[in-house]
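Here's the letter readout for the chains.
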Amino acid sequence: MTIKQLATSVAAAALLASPALADVDMSGKTIEWIIPFSETGGSAKWANFFAPLLSEELPGNPTVVVKFMPGAGSTKGANWFQEQEHEDGTLLFGTSGSTQFPYLLGDPRVRYEYTDWTPVMASGTGGVAYLNPDDGAKFDGSANGLKEVDFIYGSQGATRLDLVPLLAWEMLGMNVEPVFGIKGRGDGRLMFERGEATIDYQTSSGYLGSSADLVAQGKAVPMMTWGALDTDGNIMRDPTFPDIPTFKEVCEATDGCDTSGEAWDAWKAFFVAGFPVQKIAFLPAGTPDDVRDTFASAFDAVRKREDFPEIAAKRVGKYEVFVGNGAKNATTTGTTVSSEAKAFVTSWLQDAYGVSLK
């Protein structure tokens, strides 16, 4: 599905959205929103932002509690969710690109199937890479001055969402050594703060919630965002961070980095799968249609709040929120890449990190 088609489907879904169904009453209930990452990362901030707003819009104003189930780069929680069959709307699950990428790459640890789940909301996000002050002083809009630096990066794993920054830094000719095994991007930020890592990236909610303070204190220097997509599928500046150059811009300014060819096409394919529709809220398989529609309508009411653009910009960024059929179509976009992109990345993972997905 193209970006134009996705935008069209979102508009259609908005026209079809209806108020929360009156015959679904969630009074006195507690909804557990499971996040398969640690409580320090961007997914935690995303869920914690939406949870109280969702509670206000669901009929009966149930309590929405965010809980965390980190492990194996989120596949532990996703495999657990695959086995759940709650029918009353008291279980919600949130995924991120780090859940989508193992699925896309055929990771043998994946025992979950996105098409079994019921998407009720999806939202885009961005990402910001940043440097410590010493290395930031060498950054001039290109990576030319950074190629002799040996960087350390706290990573959840090369088959997770970290694939996007790791491939980008390699394309720029940078020497970035990942330390694998952290449970969430917030843990990578803590490594950076302690000086155990010298480069980091956070999704927009994580950056806005914590890393922007490091920049304000002079403890970090923004390098680039991954960008955003216009309706024609072209990379443009991230609307949440319009003053920070995109990876495309930095690549164009860096000797030996190309914004065409196999590497670029593969990077962009996984960027599209991982960011414009990165975070998705699901109900379990078997959820009745009236419960599904009630959640979709509640999330629709959230995004239509008069104050939503302002509060979202500060907490999760300025990105599209998809509901109903729009969320379903967005999920398809976020869980699909071409065979060529998959083949390139699979080969790169083997060559760069000895990661075999066979």
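Looking now at the side chain of Gln156. For Gln156, the position within the fold is in the loop between β6 (150-155) and α6 (163-171). Of the residues examined, Gln156 reaches a relative accessible area of 9% and is grouped as buried. Not counting chain neighbours up to four residues away, the residues in contact with Gln156 comprise Phe37, Ser98, Asp162, Gly181, Ile182, Lys183, Gly184 and Arg185.

Time to look at a negative patch on the surface. On the surface, Glu83, Glu85, Glu87 and Asp88 cluster together into a negatively charged patch. Residue classification places Glu87 among the exposed positions, given a relative accessible area of 52%.

One ladder, built from six bridges, connects strand β1 (residues 30-35) with strand β2 (residues 63-68); its direction is parallel. Within β2, the position partnered with Ile35 by the bridge is Phe68. In this region the chain leaves β1, passes through helix α2 (residues 42-57) and returns to the parallel neighbour β2; the handedness of that crossover is right-handed.

Another point: the nonpolar core. Core analysis: the largest hydrophobic core is formed by 49 residues, its most contacted members being Trp169, Leu172, Met223, Trp226, Phe247 and Trp267. Counting residues per element, this core draws most heavily on helix α10 (residues 262-274), at eight residues. If sequence neighbours within four positions are ignored, Leu172 has contacts with Ala143, Lys147, Met223, Met224, Phe247, Val250, Cys251, Thr254 and Cys257. Core analysis: the next-biggest nonpolar cluster, separate from the first, contains 31 residues, Trp33, Ile35, Phe37 and Leu54 among them.

Spatial ordering of the open sheet is given by β2-β1-β3-β12-β4-β13, a layout of six strands whose pairing is mixed. At either end of the open sheet lies a strand with only one pairing partner, and these are β2 and β13 (321-323). Each strand axis lies, on average, 20° off the axis of its neighbour in the sheet, ignoring direction. Here β1 runs beside strand β3 (residues 91-95); their pairing, made up of three bridges, is parallel. Each residue of the ladder has a partner; that of Glu32, found in β3, is Leu91. Against the sheet, helix α3 (residues 75-82) contacts β1, β3 and β12 (279-283), and its axis sits at roughly 145° relative to β3.

Cut-offs applied
- Residues numbered from 1 in each chain as written.
- Predicted model: local features only at pLDDT ≥ 70, side-chain atom pairs only at ≥ 80, totals over all residues.
- Heavy atoms only, no water.
- Helix = DSSP H or I, 4+ residues; strand = E, 2+ residues; numbered from the N terminus.
- Buried < 20%, exposed > 50% of the residue type's maximum accessible area, 1.4 Å probe, protein only.
- Contact = heavy atoms within 4.5 Å.
- Patch = residues over 30% accessible without salt bridge, like charges linked within 9 Å, V, L, I, M, F, W, Y side chains within 5 Å.
- Areas by Shrake-Rupley, 256 points an atom, 1.4 Å probe, with all protein chains shown as cover.
- Salt bridge = Lys/Arg side-chain N within 4 Å of Asp/Glu carboxyl O.
- Lys, Arg positive; Asp, Glu negative; His and termini not counted.
- Charge placed at Lys NZ, Arg CZ, Asp CG, Glu CD.
- Pairing = 2+ DSSP bridges.
- Right-handed = clockwise from strand over helix to strand, strands pointing away.
- Core = buried A, V, L, I, M, F, W, Y, C linked by side-chain atoms within 4.5 Å.
- Axes fitted to C-alpha atoms, helices over the stretch in contact; angles between N-to-C directions.

What is shown is where atoms sit, not what they do.
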